[in-house]
Amino acid sequence: MRYRNHLIIEDTIMIRKDFLKRVGCIGLGAIAVPDIVKAAMAPAEQPKAPNLKLSDNTVILFQGDSITDAGRDRNAEGNANQQNMLGNGYPLFTASQLLCSYPTKNLKIYNRGISGNKVFQLQDRWEKDCFEIKPDILSILIGVNDYWHTKSSGYDGTIETYANDYKKLLEDTKKQLPDVRLVIGEPFTVKGGSALDDSWYPDFDAYREAAKKLANEYDAVFVPYQSVFDKALKQAPSTYWSPDGVHPSMAGAQLMANAWLEACGL
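A.B. asks: I keep staring at the environment of Asn 106 and nothing clicks. Help me out?
C.D. replies: With respect to the helices, strands and loops of the structure, Asn 106 is situated in the loop between helix 5 (90-101) and strand 2 (108-111). Considered as a pair, Asn 106 and Asn 57 are 49 residues apart in the sequence and their alpha carbons are 4.9 Å apart. Beyond its immediate stretch of four places on either side in the chain, Asn 106 contacts Asn 57 and Thr 58. Of note is the side chain of Asn 106, whose polar atom sits 2.6 Å from the side chain of Asn 57.

A.B. asks: Can you help me understand helix 9 (residues 159-176) in this one?
C.D. replies: Counting along an α-helix, one turn takes 3.6 residues, and residues three or four places apart therefore face a common direction. With 18 residues, helix 9 extends 26 Å between its outermost C-alpha atoms, agreeing within 8% with the 26 Å of an ideal straight helix rising 1.5 Å per residue. Taken together, the buried residues of helix 9 touch helix 6 (119-124), helix 7 (126-131), strand 3 (137-141), helix 8 (144-152), strand 4 (181-185) and helix 10 (205-217).

A.B. asks: I keep staring at the packing of helix 11 (residues 225-232) against helix 13 (residues 250-263) and nothing clicks. Help me out?
C.D. replies: Each packed pair of helices is defined by two parameters, the angle between the axes and the distance between the axes. Helix 13 packs onto helix 11 with a crossing angle of 130° between their chain directions and a minimal axis gap of 10 Å. When the axes of helix 11 and helix 13 are compared, the pair comes out oblique. For the pair helix 11 and helix 13, the sense of crossing is right-handed. Counting all contacts with helix 11, which are made through Tyr 225, Val 228, Phe 229 and Ala 232, the residues of helix 13 involved are Gly 252, Leu 255, Met 256, Ala 259 and Trp 260. Here the residues of the contact of helix 11 with helix 13 are counted per class, giving 8 nonpolar, 1 polar and no charged.

A.B. asks: Can you help me understand the confidence of the model for the protein chain in this one?
C.D. replies: Regions with low pLDDT should not have their predicted coordinates read in detail. Taken as a whole, the protein chain shows an average pLDDT of 87; of its residues, 84% reach a score of 70 or greater. With pLDDT under 50 throughout, residues 1-31 is counted as low confidence; its partners more than four residues away or in other chains account for 0 contacts.

About the cut-offs
- For every chain, the first residue of the written sequence is number 1, and numbering continues from 1 along that sequence.
- The predicted origin of the model limits local features to residues at a pLDDT of at least 70 and limits the giving and counting of side-chain atom pairs to 80 or more, whereas totals for whole chains, interfaces and linings rest on all residues.
- No hydrogens and no water enter the side-chain calculation; it runs on all heavy atoms of the structure.
- Put simply, DSSP H or I for four residues or longer makes a helix, DSSP E for two residues or longer makes a strand, and each gets a number counted from the N terminus.
- It only takes one pair of heavy atoms within 4.5 Å for two residues to be counted as in contact.
- Side-chain atoms alone can form a polar contact between residues adjacent in sequence; in general such a contact is a pair of N or O atoms within 3.5 Å, and within protein one must be able to donate a hydrogen while the other accepts it.
- Helix span is expected to be 1.5 Å times the residue number reduced by one.
- Fitted lines through C-alpha atoms serve as axes, helices being fitted only where they are in contact, and the angles separating the N-to-C directions of these axes extend from 0 to 180 degrees.
- Orientation is classified from the angle alone, with under 35 degrees giving roughly parallel, over 145 giving roughly antiparallel, 65 to 115 giving roughly perpendicular, and any other angle giving oblique.
- Two helices that cross are described as forming a left-handed crossing if the nearer one is turned anticlockwise from the farther one by less than a right angle, and a right-handed crossing if clockwise.
- Residues are grouped as follows: Ala, Val, Leu, Ile, Met, Phe, Trp, Tyr, Cys and Pro are nonpolar; Asp, Glu, Lys and Arg are charged; every other residue, Gly included, is polar.
- Residue-level confidence of the predictor, termed pLDDT, takes values from 0 up to 100.

This is the structure:
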């Protein structure tokens, strides 16, 4: 019996060692994504802005276009923290991590992104989709359609239109919600995607720079998504992160959530 018990213990130790070895390998592979995000958050990439602090009952609102929308259920708009209301993209993955990490904070997280939107369309619906929600933290990712639709949909807006409309939106927001803390996501493309070609550049880069400049001007947290995806392309091709170069895959959406949380210090 003593010999049998010894064998059982020995087998258990070997199983545990094998398990830890396999978990360790998974862990080593997973280091790549945090490293990608941290490298993109280098001081040269990040405007100076304080990390966000979450107090009890903080209301967080994600706003933007289809990248934020991500197939959310419009019929669930009134319900905070609901998976179908948050969609299938980076707002869901960000919210999931926040709700898991801060269970005692009673956070309320909403998504009001709408596919196809440009800045002026955010302005048109801002009373209902922002001011009525009264967010404590307002996260905005907008800009790809402001450029893309000049190439594909006959939109005649310019980089000046984008910058001026965005500035007015932020100005109106700060007047109505003076204590709101802003998070501005960098418009981005994932080079190699099927919706892109060389004609996008360098014109689209001006939209990125305009968003970064506004983040500085309004003391917003800036999320450098372009740097994040540029570094991610060194690990896997665009088909892995964003097949069309505009809309992230599941892995791309998780990468965006990681970047958002890192930029905000959460």
